[in-house]
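Chains, contacts and geometry: an overview
As a plain string of letters, each chain reads:
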Amino acid sequence: DERYRRDQQLQQLADLAAGAIDAELARHRTAAEILAQSEALVAVMDLRRVRQEAERLSRATGGWVVLTTAGPRVEQVVNTALPSNAPLSAAVARAEGYPEIVGAELRSAGSGRAEMSDVFVERTSGRAVAAAVKPLTLADGREAVLYASFAVDRLSALLARADPPKEGFLSIVDGSGRVVARSE
């Protein structure tokens, strides 16, 4: 019957789009996992090498990497969204941070794996972003958090490439119930 065939096509389209989104998120989680195990971070604390490795992963994922200290005051150590000679953001109280990031940090600490944040609006750029978040201990003993971040408009572009029917669209809803990406 025609309705059954159409429903099957729509289900296939949704499955393909979900696979593409899962692959995109996995790229960022993998980038965070790889950098979090870097000898330059956990064995010798070589910030020049950390920056080079973070830039390489940023290029590979189309996003950027931020490394911050953990604790009540958060200070950026590396931020590949900025030129290497640019000053980093001033330290801020953790309470002034993004609750979406804190939630991912807690999930990651519990699972031992990089976890995705919900989408949040970056204060400096106004962009909707998400990040794979991975807490770690640096070679110098400090606790830190690694973020493999990306602009969520990348997800909307992936949904649009799935080519939904003219009378429909695809969307992504984050863990807090907000629509964060749409195919149109």
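To be clear, the structure that these remarks concern was listed above.
In this report, we go over the structure that sits alongside the text. None of the values given here were measured: they were computed from a predicted structure. (Residues numbered from 1 in each chain as written. Predicted model: local features only at pLDDT ≥ 70, side-chain atom pairs only at ≥ 80, totals over all residues. Heavy atoms only, no water.)

With respect to the pattern of salt bridges
Scanning all chains against the criterion turns up 11 salt bridges. Glu24 is paired through a salt bridge with Arg154; the nearest N and O atoms lie 2.9 Å apart. Residue Glu24 is found in helix 1 (residues 2-36), and its partner Arg154 is found in helix 5 (residues 153-161); the two are separated by 130 residues along the sequence. A salt bridge links Glu115 to Arg113; the shortest N-O distance between them is 3.4 Å. We classify Glu115 as buried; its relative accessible area is 15%. Here the residues in one salt-bridge network are Glu24, Arg27 and Arg154, joined through shared partners. (Salt bridge = Lys/Arg side-chain N within 4 Å of Asp/Glu carboxyl O. Helix = DSSP H or I, 4+ residues; strand = E, 2+ residues; numbered from the N terminus. Buried < 20%, exposed > 50% of the residue type's maximum accessible area, 1.4 Å probe, protein only.)

Remarks on the pairing of strand 1 (residues 64-69)
The two faces of a sheet get side chains in turn, since along a regular strand they alternate between them. The element strand 1 is largely enclosed, with a buried count of 6 among its 6 residues. Looking at chain direction, strand 1 and strand 8 (residues 143-151) are connected through 6 bridges and run antiparallel. Looking at strand 8, one finds that Val66 is bridged to Tyr147. Here 3 bridges tie strand 1 to strand 3 (residues 76-79), and the two strands are oriented antiparallel to one another. What sits directly across from Thr68, in strand 3, is Gln76. (Pairing = 2+ DSSP bridges.)

So, helix 3 (residues 47-61)
If you check helix 3, its first and last C-alpha atoms are 21 Å apart, about what 15 residues at 1.5 Å a residue would give, namely 21 Å. Within the sequence span of helix 3, burial applies to Val50, Arg51, Glu53, Ala54, Leu57, Ser58 and Thr61. An end-on view of helix 3 places all buried positions within 170 degrees of arc, on one side of the element. Residues of helix 3 that are exposed and point more than 90 degrees away from the buried face comprise Arg48, Arg59 and Ala60. Of the surrounding elements, those touching the buried residues of helix 3 are helix 1, helix 2 (39-42), strand 1, strand 3 and helix 5. A distance of 3.2 Å separates the backbone nitrogen of Arg48 from a side-chain oxygen at the start of helix 3, and that oxygen is part of Asp46. Gly62 lies just past helix 3 and shows a positive phi near 75 degrees. (Expected span 1.5 Å × (residues − 1). Arc of directions from axis to C-beta. Contact = heavy atoms within 4.5 Å. Polar contact = N/O pair within 3.5 Å; in protein donor to acceptor, adjacent residues only side chain to side chain.)

Here's the deal with helix 1
Helix length check: helix 1, at 35 residues, gives a terminal C-alpha distance of 51 Å against a target of 51 Å (1.5 Å per residue), a fit within 8%. By the burial criterion, the buried members of helix 1 are Leu13, Ala17, Ile21, Glu24, Leu25, His28, Ala31, Ala32, Glu33, Leu35 and Ala36.

Quick notes on the pairing of strand 8
Most of strand 8 is tucked away: 8 of the 9 residues are buried. In the sheet, strand 7 (residues 128-137) pairs with strand 8 via 9 bridges, with the strands oriented antiparallel. Following the sheet pairing, Val129 is matched in strand 8 by Ala151.

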